[in-house]
Every structure is written in C-alpha cells, then in structure tokens.
Amino acid sequence: MIIKQFFDDDSSSYSYLVASQRNNSFIIDPVKNNTKKYIDSLDKLSLKLTFGFDTHLHADHITALGELRNITNCETIMGIQSDVDCVSKFVRNKEVITVDEIKITALYTPGHTDDSYCYLVNEENDQILFSGDTLLIGGNGRTDFQNGDPDDLFNSLHNIVLRLNDNTIIYPAHDYKGLKSSTIKEEKIHNKRLKMSKGEFISHMNNLNLKEPNLIDTAIPANQECGIIK
Ligand SMILES: [Fe+2]
C-alpha cells in the first residue's frame, strides 16, 4: 500500500491518495485547487483512481470530487447523512469497501458536522484511520456549524475512535502546525481535549468563539454539487 499526503496551503487541509499493490487507488478529501497535483501523481505512479471520498461536507475548501469523477471516472462516495445529490454512492456506518487487498470501513462519527465519517483502512498488519475533522492531532474539529454537536463529538471520539487499537495510525483532514500524522496511543497521552469529562468538553467547545471559515458561504453550496459550480 502506498499513501501520499497532500497539503492545501489556503485551507491547511490534508488529502490522501492511497494505492493498492495492483495499482488501483482511492483519494480522501481532495481539494479542487489541487486537482492537477492529484492527476500528476496518478499518472506518475500509473494508478487508476477507483474511488473518491469526502469525510464530510466541507466548509473551508471546495472539493475536487466532481472534477476527479469527470476526469478519471472514479466513483464518488460520502455518508448517507450528507445533504448532497452529486455523489455516486452513499455509505452507511460500518459499510466496507475494498480496493484489492485494502479494506476500507466507513465509521459514522457525527459531532464536527452531522455527516462526518472516519474511514478505517486495514491492510495486512497496518491499521490507519483517516479521521476527517473528528480527531485532529492534539485537537478535534469545531462543532459550531453544519449541525455540529459537542455531545455527539465526545461520544464519537470516546465510543468509536479511542476504542480502536492503540497502534492505529491517524491521518487527519487538517493540521495547522505542520504535523503530519499521529497514533491513537499518542493522542490518548497528549491530546488534552480527550482528557476532559463530557461536561468540560461540551463547555470548552461551546466557548471557543472561532471565526467562521472564509469560504463557508461559497464552499458549502459548491460542495453540495461536488465542487462543480454551474
Ligand atoms: Fe470540516
């Protein structure tokens, strides 16, 4: 299995291209500004793009799912809870998709938004969680728009994500400090948000007073069309 991590400077978003041993691949959370980079990587590695996933309806960047589907004919996938009609396949909690030897399990983890999923990838002895904005390195996604809910996020983190094996590698959808990956074990030790009681967590999340993402008014409607603006 090959994993390539891409960083989008404008939104501090990470996208991931994952390839099987038989040159099939899938991409998670692609950003429209970077479509050419993804296509160049697919070409360089002689990969066929089979699936494109968005972990949730993003508010801070425009997705490349539509463009990648148009260029590569990949299937586009989001969770059944996402308010979009442009994807070719909706997944439900615990649904499994395979790409050759790679098993991808969709885990419904609401809280950052009400349509947030994590994707758990297993291949031989490795287990990797593409954690979207549910679990970030040393943090977690905000909960103050798109039906986000700190109570739901606390449950998703403690009842789903932290129950995964300690050695699970975490690849998040964002990092603002240049960190690239983590593990469940590291997050259990170092992530202060995960040490809070449910009450502390809810109160903390409800009092962050973050400014809205610059692109929220354009990104959400664009992403409901998979980033293809008519
Ligand atoms: Fe997000």
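Residues numbered from 1 in each chain as written. Predicted model: local features only at pLDDT ≥ 70, side-chain atom pairs only at ≥ 80, totals over all residues. Heavy atoms only, no water.

Caption draft 1: Focus on the side chain of Ser15. Position of Ser15 among the secondary structure elements: in strand E2 (residues 13-19). Among the residues examined, Ser15 registers a relative accessible area of 1% and is labelled buried. There is a polar contact of 3.0 Å between the side chain of Ser15 and the side chain of Tyr38. If we ignore the near neighbours within four places in the chain, the residues touching Ser15 are Lys4, Gln5, Phe6, Ile28, Asp29, Pro30, Val31 and Tyr38. (Helix = DSSP H or I, 4+ residues; strand = E, 2+ residues; numbered from the N terminus. Buried < 20%, exposed > 50% of the residue type's maximum accessible area, 1.4 Å probe, protein only. Polar contact = N/O pair within 3.5 Å; in protein donor to acceptor, adjacent residues only side chain to side chain. Contact = heavy atoms within 4.5 Å.)

Caption draft 2: Seen up close, the environment of Thr183. When you line up the elements, Thr183 lands in strand E14 (residues 182-183). The contacts of Thr183, once residues within four sequence positions are left out, are Asp166, Asn167, Thr168, Ile169 and Ile170.

Caption draft 3: Highlighting the sheet that holds strand E6 (residues 89-91). Pairing in this open sheet of six strands is mixed, and the strands run E1-E2-E3-E4-E5-E6 from one edge to the other. The open sheet has two free edges, formed respectively by strand E1 (2-8) and E6, since each of these has just one partner strand. Across the sheet, the mean angle from the axis of one strand to that of its neighbour is 25 degrees, orientation sign disregarded. Pairing analysis gives seven bridges linking E1 to E2, with the strands arranged antiparallel. Bridging across to E2, Phe7 finds its partner in Tyr14. Here helix H1 (residues 35-44) sits on the sheet in contact with E1, E2, strand E3 (24-28) and strand E4 (48-53), set at roughly 160 degrees to E1. (Pairing = 2+ DSSP bridges. Axes fitted to C-alpha atoms, helices over the stretch in contact; angles between N-to-C directions.)

Caption draft 4: Molecular detail of the packing of H1 against helix H2 (residues 65-72). Taken N-terminus to C-terminus, the directions of H1 and H2 make an angle of 40 degrees; their axes are 10 Å apart at the nearest point. On the basis of the axis angle, H1 is oblique to H2. Crossing handedness for the pair H1 and H2: right-handed. Contact with H1, carried on its side by Thr35, Tyr38, Ile39 and Leu42, involves Glu67, Leu68, Ile71 and Thr72 of H2 and no other residues of that element. Class assignment of the residues belonging to the contact of H1 with H2 gives a composition of five nonpolar, two polar and one charged. (Parallel < 35°, antiparallel > 145°, perpendicular 65-115°, else oblique. Left-handed = near helix turned anticlockwise from the far one by under 90°. Nonpolar A, V, L, I, M, F, W, Y, C, P; charged D, E, K, R; others polar.)

Caption draft 5: A look at the pattern of salt bridges. This structure, assessed with the given rule, holds six salt bridges. Close ionic contact of Lys36 with Asp40 constitutes a salt bridge, the shortest N to O distance being 2.9 Å. Highlighted residues: Lys36 and Asp40, both in helix H1, separated by four residues, approximately one helical turn. Taking the relative accessible area as the measure of exposure, Lys36 reaches 59% and is therefore exposed. Classification of Asp40 by relative accessible area gives partly exposed; the value is 31%. Across the pair Asp151 and Lys198 runs a salt bridge whose closest N-O atoms are separated by 2.9 Å. Here the residue Asp151 occupies a position in helix H3 (residues 150-159), and Lys198 occupies one in helix H5 (residues 198-206), the gap between them amounting to 47 residues. (Salt bridge = Lys/Arg side-chain N within 4 Å of Asp/Glu carboxyl O.)

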